[in-house]
Amino acid sequence: MSIENGVRSLEDGVHTDFSSTMSYGSYLELDVLLSAQHPRSEPPHHDELLFIIQHQTAELWLKLVVHELLAARRLLDADELSPARKSLARVKHIIRTLTEQWSVLATLTPSEYAEFRGALGSASGFQSYQYRAIEFLLGNKNPQMLAVFRADPAAHAMLSDILETHTVYDAFLRLLARRGHDVPAEVLDRDVSAAWVEAPALVPVFRAIYEDTAAHWELYETCEDLVDLEDAIQVWRFRHLQTVQRTIGRKPGTGGSSGVKFLQRALELTFFPELITVRTEIGG
Ligand code: HEM
Ligand SMILES: N[C@@H](CC(=O)c1ccccc1NC=O)C(=O)O
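The model shown is predicted, which means the values in this text are computed figures rather than measured ones. (Residues numbered from 1 in each chain as written. Chains lettered and ligands numbered in written order. Predicted model: local features only at pLDDT ≥ 70, side-chain atom pairs only at ≥ 80, totals over all residues. Heavy atoms only, no water.)

Some remarks on helix H8 (residues 168-178)
Then, in step 1: Counted residue by residue, H8 has eight buried out of 11 residues, so it is predominantly covered.
Then, in step 2: Turning to H8, its buried residues number three or more, namely Val168, Tyr169, Asp170, Ala171, Phe172, Leu173, Leu175 and Leu176.
Then, in step 3: The opening residue of H8 is Thr167, an N-cap whose side-chain oxygen sits 3.3 Å from the backbone nitrogen of Tyr169. (Buried < 20%, exposed > 50% of the residue type's maximum accessible area, 1.4 Å probe, protein only. Helix = DSSP H or I, 4+ residues; strand = E, 2+ residues; numbered from the N terminus. Polar contact = N/O pair within 3.5 Å; in protein donor to acceptor, adjacent residues only side chain to side chain.)

Written out as structure tokens, the structure is:
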């Protein structure tokens, strides 16, 4: 390769004929991906493309989060703790990327958004089945949410399956029991399709781990992975709330909720309450 007059010339080996082989665009199906942005405002509003791409990129990352959480659950079931932790770490980094991404959408002013919000009709992030799958996989289950997906049989089936099967937390607690920890039977035998409810009898199990970290190092680190993940999701939720507030103030949402107030309530939930309660007790 050489540079002549500021232009980098192609090396001799660089492929340029892709008529019969795999290329970047064909491997990534860019024809499909890049032809799926259709602003609905009439005439098309300049900022609607930002809104669409922000959501599409978020949904792509959410797809990977679901994939990794399913893997983490499977690996925990198979007693493969280290690879499970790798998936959890990846999820945490994806969520952090999604949180960073809010700053792009925050460049959309209330006046600009108001100019095309009407084109969204009753569409809302509330109808994201991948987001709901993640909440379900982490224990925030609610069968009422399925109603939103009645018109989408594939999404409905995927969510029903995740609703009815155990969570990542259930998988971790079963692993703890297999490794000799005194996980209460009522926790192990719980109805996994129900939302997680704090189990005070589980706190001594975590207390034993946190009070002798050397003896339980990898389990202790996994508990902290879960806390890290929850932390990352709460920060994402908070940035969503802040972005919504600066964009639509206290207007009701297009999904039919009260808007900011509805989103505030989600911040009160915790996926792993015993991992918070144990902190009150450590060293005390
Ligand atoms: C200007 C941008 C945005 C506004 C004004 C906004 C507004 C809202 C509002 C008001 C809700 C409550 C449900 C409703 O009644 O509609 C909601 C829910 C939701 N939004 Fe957004 N949103 C924005 C961007 C995003 C983005 C980029 C995502 C990324 C995927 C997203 C994901 C969600 C999710 C998952 C929910 C359901 C939350 C839950 O059930 O706890 N939103 N949004
Ligand atoms: N709920 C939003 C609308 C909204 O944000 C939205 C609409 C269509 C597709 C994705 C959306 N994002 C997240 O809720 C609003 O009330 O303005």
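Having seen it, we continue.
What about the pattern of salt bridges?
Then, in step 1: By the definition in use, this model includes 12 salt bridges.
Then, in step 2: Linking Glu218 and Arg85 is a salt bridge whose minimum nitrogen-to-oxygen distance equals 3.9 Å. Taken as a pair, Glu218 in helix H11 (residues 217-248) and Arg85 in helix H4 (residues 81-105) lie far apart in primary sequence, 133 residues in all.
Then, in step 3: It is possible to trace a salt-bridge network through shared partners that takes in Arg85, Glu218, Glu221 and Asp225. (Salt bridge = Lys/Arg side-chain N within 4 Å of Asp/Glu carboxyl O.)

Overview of the site of ligand 2
Then, in step 1: Lining the immediate environment of ligand 2, one finds Phe51, His55, Tyr113, Arg117, Leu120, Ala123, Ser124, Gly125, Ile248, Gly253 and Thr254.
Then, in step 2: A distance of 2.7 Å separates an oxygen atom of ligand 2 from a polar side-chain atom of Arg117.
Then, in step 3: Here an oxygen atom of ligand 2 and a backbone polar atom of Gly125 are 2.6 Å apart.
Then, in step 4: Coverage of ligand 2 by the protein chains reaches 79% of its 390 Å² of free accessible surface.
Then, in step 5: In terms of residue class, the shell around ligand 2 is built from five nonpolar, five polar and one charged. (Near = heavy atom within 4 Å. Areas by Shrake-Rupley, 256 points an atom, 1.4 Å probe, with all protein chains shown as cover. Nonpolar A, V, L, I, M, F, W, Y, C, P; charged D, E, K, R; others polar.)

Here's the deal with the packing of aromatic side chains
Any two aromatic rings considered together are summarised by their centre-to-centre distance and by the angle between their planes.
Then, in step 1: Summed over the entire model, instances satisfying the criterion amount to 11 aromatic pairs.
Then, in step 2: Look at Tyr113 and Phe116: their rings are 5.5 Å apart centre to centre, the planes differ by 80 degrees, and that puts the pair in the edge-to-face class. Here Tyr113 and its partner Phe116 are both found in helix H5 (residues 110-116), three residues apart, which amounts to about one turn of the helix.
Then, in step 3: Among the aromatic side chains, those forming a connected cluster through ring pairs are Tyr169, Trp196, Phe271 and Phe272. (Phe/Tyr/Trp six-rings, centres within 6.5 Å; stacked < 30°, edge-to-face > 60°.)

Quick notes on the site of ligand 1
Then, in step 1: Taken together, 24 residues are adjacent to ligand 1, and Ser124, Arg132, His240, Gly255 and Ser257 come closest.
Then, in step 2: Within the side chain of Arg132, an N or O atom sits 2.7 Å from an oxygen atom of ligand 1.
Then, in step 3: Here an oxygen atom of ligand 1 and a backbone polar atom of Gly256 are 3.4 Å apart.
Then, in step 4: Sorting the residues of the shell around ligand 1 by element identifies helix H3 (48-77), H4, helix H6 (129-137), H11 and helix H12 (260-266) as the ones contributing at least two each.
Then, in step 5: By residue class, the composition of the shell around ligand 1 is 11 nonpolar, 12 polar and one charged.

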